[in-house]
Amino acid sequence: MTQDKKPVRNLKKVCNFRYLPPDNNFPPEKVTSVCAVPFMEDGQIVVVKLDRWWDIAGGHVQEWEVDFIETAKREAIEEGYMTIKDVSLALVIESDYFWSNPEELTYMLCYSACVDRLLPFEVNNESFGRKITSIDEFLRDYEGNRELIEQMILSCLSKRHHS
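Residues numbered from 1 in each chain as written. Predicted model: local features only at pLDDT ≥ 70, side-chain atom pairs only at ≥ 80, totals over all residues. Heavy atoms only, no water.

A short note on the packing of aromatic side chains
No. 1: Counted under the stated rule, the structure contains four aromatic pairs.
No. 2: Measuring from centroid to centroid gives 5.3 Å for Tyr-81 and Phe-121, while their planes differ by 75°, and the two rings are edge-to-face. Highlighted residues: Tyr-81 in the loop between helix H1 (68–80) and strand S6 (82–95) and Phe-121 in the loop between strand S7 (106–118) and strand S8 (129–133), separated in sequence by 40 residues.
No. 3: The structure contains a cluster of three or more aromatic residues connected by ring pairs, namely Trp-53, Phe-138 and Tyr-142.
No. 4: Directly above the aromatic system of Trp-54 lies the positively charged group of Lys-131, at a separation of 4.6 Å from the ring centroid. (Phe/Tyr/Trp six-rings, centres within 6.5 Å; stacked < 30°, edge-to-face > 60°. Helix = DSSP H or I, 4+ residues; strand = E, 2+ residues; numbered from the N terminus. Lys NZ or Arg CZ within 6 Å of the ring centre and 35° of its normal.)

Here's the deal with the pattern of salt bridges
No. 1: Applying the stated rule across the entire model yields seven salt bridges.
No. 2: With a shortest N-O distance of 3.2 Å, Arg-52 and Asp-55 are connected by a salt bridge.
No. 3: Judged by its relative accessible area of 44%, Arg-52 falls in the partly exposed class.
No. 4: The class for Asp-55 is buried, based on a relative accessible area of 7%. (Salt bridge = Lys/Arg side-chain N within 4 Å of Asp/Glu carboxyl O. Buried < 20%, exposed > 50% of the residue type's maximum accessible area, 1.4 Å probe, protein only.)

A closer look at the side chain of Asp-55
No. 1: With respect to the helices and strands, Asp-55 occurs in strand S4 (residues 54–55).
No. 2: Polar contacts involving the side chain of Asp-55 include one to the side chain of Trp-53, which spans 3.2 Å.
No. 3: Looking at Asp-55, its side chain comes within polar contact range of the side chain of Tyr-142, at 3.4 Å.
No. 4: Sequence-distant contacts of Asp-55, that is, excluding residues within four places in its chain, are made with Val-47, Val-48, Leu-50, Phe-138, Tyr-142 and Ile-149. (Polar contact = N/O pair within 3.5 Å; in protein donor to acceptor, adjacent residues only side chain to side chain. Contact = heavy atoms within 4.5 Å.)

Let's talk about the nonpolar core
No. 1: Counting residues in each nonpolar core, the largest one holds 25 residues, and the members touching the most others are Phe-26, Val-31, Val-34, Phe-68, Leu-109 and Tyr-111.
No. 2: Broken down by secondary-structure element, the contributors of at least two residues to this core are strand S2 (31–39), strand S3 (45–49), H1, S6 and S7.
No. 3: Those residues in contact with Val-34 that sit more than four places away from it in its chain are Gly-58, Gly-59, Val-61, Phe-68, Thr-71, Ala-72, Leu-109 and Tyr-111.
No. 4: Residues Ile-56, Ile-93, Met-152 and Cys-156 belong to the second largest nonpolar core, which totals 20 residues. (Core = buried A, V, L, I, M, F, W, Y, C linked by side-chain atoms within 4.5 Å.)

A short note on helix H3 (residues 146–161)
No. 1: With 16 residues, H3 should reach 22 Å at 1.5 Å per residue; the first-to-last C-alpha distance of 22 Å fits that figure.
No. 2: Those residues of H3 that fall on the buried side of the exposure criterion are Leu-148, Ile-149, Met-152, Ile-153, Ser-155 and Cys-156. Axial view of H3: buried residues confined to an arc of 165°, hence all on one face. Turned more than 90 degrees off the buried face of H3, the exposed positions are Glu-147, Leu-154 and His-161.
No. 3: Between the side-chain oxygen of the N-cap and the backbone nitrogen of Glu-147 there are 3.2 Å, and the N-cap of H3 in question is Asn-145. (Expected span 1.5 Å × (residues − 1). Arc of directions from axis to C-beta.)

So this is what it looks like as structure tokens:
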């Protein structure tokens, strides 16, 4: 039997997030997941239907990946059947998902991006749909952690307007 590299999560524990600016000096080896908020030219975003709800395309960093922008691009293709461009780090999210000691903290990276091309969508084992929607509509219907997704979207909007 193989042992996980990370401890099993305490299911009764509340996970805390700390939102850090993109220039934060986070340890790259502690980055566990990456997402990109993909903007259309008109300001709408592309979201994907995952097994739980409509969400932003993103996922775990593979062991062989060292360029997190490439991770974001890979996830956009795998889940959203889209290519993205102008990918820019907008938010670093520090998480105590596994435990709260400093050496056990992990990081999620959220990028702002522009949709380059929408490819023909095919249902797969990761996503069951794709749609273009307004930010307001997406946030109104979002079923996950509202504070987290709002911070991600606001950070990406800010990055987009300052680029």
